[in-house]
Amino acid sequence: MSDMNLTLHIWRQAKGTAAGAMKTYQVKGISEHASFLEMLDVLNEQLQEKGEEPVAFDSDCREGICGMCSLVINGRPHGPDAGTTTCQLHMRRFKNGDEIYVEPFRAGAFPVVRDLCVDRKAFDDIVAAGGYVTANVGSAPDANAVPIPKEQADRAFDAAACIGCGACVAACPNSSAMLFTAAKVAHLAHLPQGQPERLRRVKAMVTAMDAAGFGNCSNHYECEAACPKGISKDYIALMNRDYAKSVFVAKDAKAGSDGAG
Amino acid sequence: MSWFVSYVRSSVGAKQLMAVTGLGLVLFAIVHMIGHLGMFSGRNSYNAYAHFLQGLGGLKWIARGGLLTIFVVHMLTGISLARANAAARPQKYVVQRYTRTTFYARTMALTGLVVLAFIVYHLMHFTLGWIQPDYFHHLDDKGRYDAYSMFVLGFKNTGILISYLVAVTLLCLHLAHGAGSWLQSLGLNHPKYEVITKNAGPALALILIAGYLAPPLGVAFNLIKL
Ligand code: HEM
Ligand code: FES
């Protein structure tokens, strides 16, 4: 296969408070081996040569592990492939002459900063509300000092694979952050270290999620389909269960603080 | 009680309220369907069933009050969730492609509200007797209120039959999503009964659509006669 020419429709917005609009660009000679972000780099070089503002988009590791890249490509977060971040999406997935729509992750809780960059601070707020264990830090404990059954460790790891990119929010018809929050809740809920604060944690994190202005889950499961790390919707059920426990079972229901669950 | 108020105002709590009230409505819908299937067992036993329900007295009013309450709670919570969810994405996508959800899951508020309008009409028809008042006061030969003939005469009317078919179809679309979704909302999931969580909605919707449509169609095709 040879290089391809593409028509891009890209959301341009000078800053958060400015009005934005889709703008159309042509790019030529894109290698099928380029990643989607490299294709945008080529576009930006062309724009800069013409003295135009380059398109702002986020990226960092470009190897699918940091969660920084975003973009809704032809209506799907991180593009058409399952289990793939935008930086790992390759142009061989497209054909010469294709039209591609590129938009930012859309949610009121993810305001656009510029063009395709959105502010995902709301996720930090959710984690800051309880996505940790309160423990004295000393020297690192011996490996395997705390025995954890293999299945539990696997399930904790599957949840911990979340890179916090926000594709779940972008894909959800309701802009709900349930899958992200559930992954953070579940990864500690599967480990012994997470037990003492388990119910306090779920209550605080759900409260922070609601305060950030995300929508509510309607069990559409678009989040699971869009997640580049394949986080399961079953973690949402676990979070729902634990949240009910934090309200109806925890001794100090008001603070939801009796950790025993 | 402030803890309960903040629970039902939270995203997870509001969903669990939808699940519990929705489940209550589903159970009623199943019992109500079984009652209607009694039309196939003839005038005598159908009227006996209606007579039994009428004779429940205080219990009947408790059931009606409970049903009305969960209905109102389900409806108000559903509308408030639907509005909050629409507001959570102020700027819509130019192109958005769904891969997992269904059209019936995305139209829950719409199908719910149309079903509500139908239920009001349905009560005006068969409970209050406002729609076809002439058919509402028949007595059978045992002197009981003749619910059987009211049913048959009612569904001889094509307009009523069609409105009923449409409403039942919409209800079943609502339940195709809802009747499985409540399990996830309440956190009741496990690989062992994943087949139930996955298929309960569509399966129950099919059972209900068949069960609800059979008696009126029985009338239309003269299997159930006066
Ligand atoms: C009064 C009119 C109704 C309205 C406005 C309404 C609205 C809704 C909405 C918007 C949802 C989705 C909630 C969400 O996932 O965000 C829902 C769920 C549901 N509805 Fe209704 N509904 C109505 C009537 C009914 C009736 C008559 C039944 C049963 C016979 C029913 C059973 C359910 C069930 C089982 C759910 C699933 C709850 C869950 O996902 O946990 N609804 N309803
Ligand atoms: S840039 Fe790090 S995951 Fe895509």
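Residues numbered from 1 in each chain as written. Chains lettered and ligands numbered in written order. Predicted model: local features only at pLDDT ≥ 70, side-chain atom pairs only at ≥ 80, totals over all residues. Heavy atoms only, no water.

## Observations regarding the environment of Lys23(A)
All names here are of chain A. With respect to the helices and strands, Lys23 occurs in strand 2 (residues 21-30). Under the relative-accessibility criterion, Lys23 is labelled partly exposed at 41%. Spatially, the C-alpha atom of Lys23 lies 26 Å from that of Thr84, the residues being 61 residues apart in sequence. Once residues lying within four places of it in the same chain are set aside, the contact partners of Lys23 are Leu8, His9, Ile10, Arg12 and Glu52. (Helix = DSSP H or I, 4+ residues; strand = E, 2+ residues; numbered from the N terminus. Buried < 20%, exposed > 50% of the residue type's maximum accessible area, 1.4 Å probe, protein only. Contact = heavy atoms within 4.5 Å.)

## Some remarks on the confidence of the model for chain B
Averaged over all residues, the pLDDT of chain B is 92; the fraction at 70 or higher stands at 100%. The complex model carries a pTM of 0.92, and its ipTM stands at 0.91. (pLDDT = per-residue confidence, 0-100.)

## Here we look at the coordination of the iron atom of ligand 1
Residue and element names in this part refer to chain B. Distances from the iron atom of ligand 1 to its protein donors, namely His74 (NE2) and His174 (NE2), fall within the range 2.0 to 2.1 Å. One can describe the site at the iron atom of ligand 1 as octahedral: its six donor atoms subtend angles covering 89 to 179 degrees at the metal. Separated by 100 residues along the polypeptide, His74 in helix 4 (residues 58-87) and His174 in helix 7 (residues 158-185) bring together distant segments of the chain. Residue His74 is classed as buried on the basis of its relative accessible area, which comes to 16%. (Donors = N, O, S within 2.8 Å, 3.2 Å for Na, K, Ca; no water. Tetrahedral: all angles 85-135°; square planar, octahedral: opposite > 155°, others 65-115°.)

## Details of the pattern of salt bridges
If you walk through the whole model with that rule in mind, you get 15 salt bridges over all chains. Residues Lys121(A) and Asp125(A) are paired through a salt bridge, measuring 3.0 Å at the closest nitrogen-oxygen approach. Within this pair, Lys121(A) and its partner Asp125(A) are both found in helix 2 (residues 121-128), separated by four residues, close to a single helical turn. With relative accessibility at 34%, the residue Asp125(A) sits in the partly exposed group. Across the salt bridge formed by Arg100(B) and Glu224(A), the nearest N and O atoms sit 2.6 Å from each other. With Arg100(B) in the loop between helix 4 and helix 5 (108-127) and Glu224(A) in helix 7 (residues 222-226), the pair connects residues from two separate chains. (Salt bridge = Lys/Arg side-chain N within 4 Å of Asp/Glu carboxyl O.)

## Here's the deal with the environment of Val168(B)
Structurally, Val168(B) can be placed in helix 7. Those residues in contact with Val168(B) that sit more than four places away from it in its chain are Ile209(B), Tyr212(B) and Leu213(B).

## Some points on the interface of chain B and chain A
If you look at the interface, chain B gives 37 residues, while chain A gives 47 residues. Buried surface at the junction of chain B and chain A, both sides included, amounts to about 3600 Å², of which 51% is carbon and sulfur. If you sort the residues of chain B by the area they bury against chain A, Tyr93(B), Arg100(B) and Gln184(B) come out on top, with a joint share of 18%. At the junction of chain B with chain A, the criterion picks out one salt bridge. The interface formed by chain B and chain A contains 30 residue pairs in polar contact (both at pLDDT 80 or more). Those elements that provide at least two residues to the side of chain B that touches chain A are helix 1 (2-9), helix 2 (11-37), helix 4 and helix 7 of chain B. Here the side of chain B that touches chain A takes five residues from helix 2 of chain B, the largest share from any one element. Grouping the constituent residues of the side of chain B that touches chain A by class yields 14 nonpolar, 16 polar and seven charged. (Buried area = accessible area lost by both parts, 1.4 Å probe. Polar contact = N/O pair within 3.5 Å; in protein donor to acceptor, adjacent residues only side chain to side chain. Nonpolar A, V, L, I, M, F, W, Y, C, P; charged D, E, K, R; others polar.)

## Some remarks on a nonpolar patch on the surface
All names here are of chain B. On the surface, a cluster of nonpolar side chains totalling about 650 Å² of accessible area is made up of Val31, Tyr49, Phe52, Leu53, Leu56, Leu59 and Ile62. Of all the secondary-structure elements, those providing two or more residues to the nonpolar patch are helix 3 (43-54) and helix 4. A per-element tally of the nonpolar patch places helix 3 first, with three residues. Tracing the backbone shows Leu56 in the loop between helix 3 and helix 4. Note on Leu56: relative accessible area 31%, which makes it partly exposed. (Patch = residues over 30% accessible without salt bridge, like charges linked within 9 Å, V, L, I, M, F, W, Y side chains within 5 Å. Areas by Shrake-Rupley, 256 points an atom, 1.4 Å probe, with all protein chains shown as cover.)

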